Amino acid sequence: MDIVYFGSGAFGLPTLRAIAATHNLCAIVTQPDKPAGRGGGLTPTPVGEYAAAELPLVPLYKPQKVNEASVVEPIRQHGGDGQTAWVVIAFGQKLGQKLLADRFAVNLHASLLPRWRGAAPINAAILGGDAFTGNSIITLAEQMDAGLILGQSHREILPHITAGELHDQLASDGPPLMLDVLARHATGRLAPTVQDEACVTLAGKFSKADGWVGFSSNADECRRRVHGLTPWPGVTVRFRGQPMKLLRVAVAQGAPLSNAGAHAGPEAHLGEGTPRNILEGSLVDAAAGLVRCGEQTALQLVTVQPAGGKAMPWADFARGRQPKRFEIVESGPQIGE
């Protein structure tokens, strides 16, 4: 088929590679280069960089406004018959009706729609405690992510997975799903289904101000927040007054904490003489990195990144700083701002 690809982010790169290898890629449309880094030099999008390096013969468009007449007509010159498809993945601009008129256009979205429409579906799935997520390929609609569902893939969300890792897994699931949908379109075998509006949930954007965790929540909620916001915006706490990012954590297994002393996990025992009112955020087992959370649960710090340092296992961090039992790991919205 003749394919026009609209995309900017790295999420769509595996699918773009697969399309280039199996179809006639007529054109690529991406966002303009933007200033980045300390020098503020213009930097292309991941799609723009890939296209320039690997697909130099494919026409590349970088419009400020994709729906302007001066942009619409050149793009619409590519293809146009029944064997043409427009593929949209993390493009960053809404395609207007004049651009889309009489074109078969599909979008790859990283959730099992109608769950998690919006800008950050991968983060939202982890934060929401979903057991499974996946990709959906939909037609383009006037309302965001509300098109007809043409195909879906499924993937389990494991407890240790971060949003960044799940992003890469879902990106790798995109090519076979997209190629299947395109093949069924070419042979007239698509069976679109309407999304159930009663099941819609929304996934908004995140900012740096969201990069915090509250240990008054139970340990599993804390785990989901840390993993759901890693790598962006990242979750920051303070230890001894210095910022520290939490990169990977786990719920401490075993009997729940009690104020009178009990097991916080397989290696943690509060023992005799434990203060009866242990504060959330206390290192109930400093060596193991167990932090007291709400509902008498404990979170294990697995990988951390001190300010100005590299990511490291908690054991290495503790070896150098010798944290003491019941020291406080500070948390809360004021830390993430």
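Residues numbered from 1 in each chain as written. Predicted model: local features only at pLDDT ≥ 70, side-chain atom pairs only at ≥ 80, totals over all residues. Heavy atoms only, no water.

Undergrad: I tried to follow the packing of helix H1 (residues 13-22) against helix H2 (residues 46-54) on my own but got confused; where do I start?
TA: Between two packed helices, both the angle of their axes relative to each other and the distance between the axes serve to describe the pair. Interhelical geometry of H1 versus H2 gives an angle of 30 degrees and a closest axis separation of 11 Å. Relative to H2, H1 is oriented roughly parallel. The handedness of the crossing between H1 and H2 comes out as right-handed. Residues Leu-13, Leu-16 and Arg-17 of H1 lie in contact with H2, whose contacting residues are Pro-46, Val-47 and Tyr-50. Residues of the contact of H1 with H2, tallied by class, amount to five nonpolar, no polar and one charged. (Axes fitted to C-alpha atoms, helices over the stretch in contact; angles between N-to-C directions. Helix = DSSP H or I, 4+ residues; strand = E, 2+ residues; numbered from the N terminus. Parallel < 35°, antiparallel > 145°, perpendicular 65-115°, else oblique. Left-handed = near helix turned anticlockwise from the far one by under 90°. Contact = heavy atoms within 4.5 Å. Nonpolar A, V, L, I, M, F, W, Y, C, P; charged D, E, K, R; others polar.)

Undergrad: How do you make sense of the environment of Leu-247 when you look at a structure like this?
TA: Along the polypeptide, Leu-247 turns up in strand E13 (residues 242-251). Taking C-alpha positions, Leu-247 is 35 Å from Glu-197, a pair spaced 50 residues apart along the chain. Setting aside chain neighbours within four positions, we find Leu-247 in contact with Thr-162, Val-226, His-227, Thr-230, Thr-303, Val-304, Gln-305 and Ala-311.

Undergrad: Teacher, can you tell me more about helix H6 (residues 163-186) here?
TA: Compared with an ideal rise of 1.5 Å per residue, which puts 24 residues at 34 Å, H6 spans 34 Å between its outermost C-alpha atoms and is within 8% of the ideal. The largest bend in H6 amounts to roughly 30 degrees and is located at Gly-174, with the proline Pro-175 lying one to four residues further along. One or two residues past the end of H6 sits Gly-188, with phi positive at roughly 70 degrees. (Expected span 1.5 Å × (residues − 1). Bend = angle between axes of the 7 residues up to and from the residue.)

Undergrad: Which parts of the structure should I look at to understand the nonpolar core?
TA: One broad trend across soluble globular proteins is that nonpolar side chains are buried collectively. Judged by nonpolar contacts, the single largest core of 39 residues is most densely connected at Tyr-5, Leu-25, Ile-28, Val-87 and Met-178. Those elements that place two or more of their residues in this core are strand E1 (2-7), H1, strand E2 (24-29), H2, strand E6 (84-89), strand E7 (105-109), helix H5 (121-127) and H6. Here the element with the most residues in this core is H6; it accounts for eight residues. Among all residues touching Leu-25, those that are not within four sequence positions of it are Ile-3, Tyr-5, Leu-16, Ile-19, Ala-20, Leu-55 and Val-58. Core analysis: the second largest hydrophobic core is formed by 23 residues, Val-213, Ala-286, Trp-314 and Ala-318 among them. (Core = buried A, V, L, I, M, F, W, Y, C linked by side-chain atoms within 4.5 Å. Buried < 20%, exposed > 50% of the residue type's maximum accessible area, 1.4 Å probe, protein only.)

Undergrad: Please clarify how the environment of Ile-75 should be interpreted in this entry.
TA: Within the secondary structure layout, Ile-75 lies in helix H3 (residues 69-76). For Ile-75 and Val-58, which are 17 residues apart along the polypeptide, the C-alpha to C-alpha distance reads 12 Å.

Undergrad: Is there a simple way to explain the sheet that holds E1 in this structure?
TA: One open sheet accounts for seven strands, arranged E5-E2-E1-E6-E7-E9-E10; its pairing is mixed. Strand pairing shows two members of the sheet lacking a second neighbour, strand E5 (60-61) and strand E10 (149-156), which therefore form its edges. The sheet contact formed by strand E9 (residues 132-139) and E10 spans seven bridges and is antiparallel. Within the sheet, the bridge partner assigned to Thr-133 lies in E10 and is Arg-155. (Pairing = 2+ DSSP bridges.)

Undergrad: I'm lost on the pairing of strand E12 (residues 235-239) in this one. Help?
TA: In regular strands, side chains alternate between the two faces of the sheet. Here E12 lies mainly inside the structure; four of its five residues are buried. Pairing between E12 and E13: five bridges, direction antiparallel. By the bridge assignment, Val-237 is partnered in E13 with Met-244. Taking the residues between adjacent antiparallel strands as the criterion, E12 and E13 are bridged by two residues, where Arg-240 takes a positive phi near 55 degrees. Both E12 and strand E20 (residues 329-330) contribute to a ladder of two bridges, which runs antiparallel. Looking across to E20, one finds that Phe-239 is bridged to Val-329.

Undergrad: Quick question: what am I supposed to make of the pattern of salt bridges here?
TA: Where charged atoms from two side chains of opposite charge come close, those side chains can pair. The tally for this structure, following the rule as stated, stands at 13 salt bridges. As a salt-bridge pair, Arg-319 and Asp-316 come within 2.7 Å of each other at their nearest N and O atoms. Of the two residues, Arg-319 and Asp-316 are both situated in helix H8 (residues 314-321); the distance of three residues between them amounts to about one turn of the helix. Each of Arg-76, Asp-102 and Arg-103 takes part in one network of salt bridges that share partners. (Salt bridge = Lys/Arg side-chain N within 4 Å of Asp/Glu carboxyl O.)

Undergrad: I keep staring at the confidence of the model for the protein and nothing clicks. Help me out?
TA: Segments scoring low in pLDDT should not have their predicted coordinates read at a detailed level. Scored by pLDDT, the protein has a mean of 92; 92% of the residues are at 70 or more. In this model, residues 259-274 is a region of pLDDT below 50 whose contacts with residues beyond four sequence positions or in other chains number 40 contacts. (pLDDT = per-residue confidence, 0-100.)

Undergrad: For this particular structure, what's the right way to read the packing of H1 against H6?
TA: Contact pair H1 / H6: the axes reach a minimum separation of 7 Å and the direction vectors enclose 35 degrees. As for how H1 packs across H6, the hand of that crossing is right-handed. Side by side, H1 and H6 meet where Pro-14, Thr-15, Ala-18, Ile-19 and Thr-22 of the first sit next to Ala-171, Gly-174, Pro-175, Met-178 and Leu-179 of the second. Taken together, the residues of the contact of H1 with H6 sort by class into seven nonpolar, three polar and no charged.

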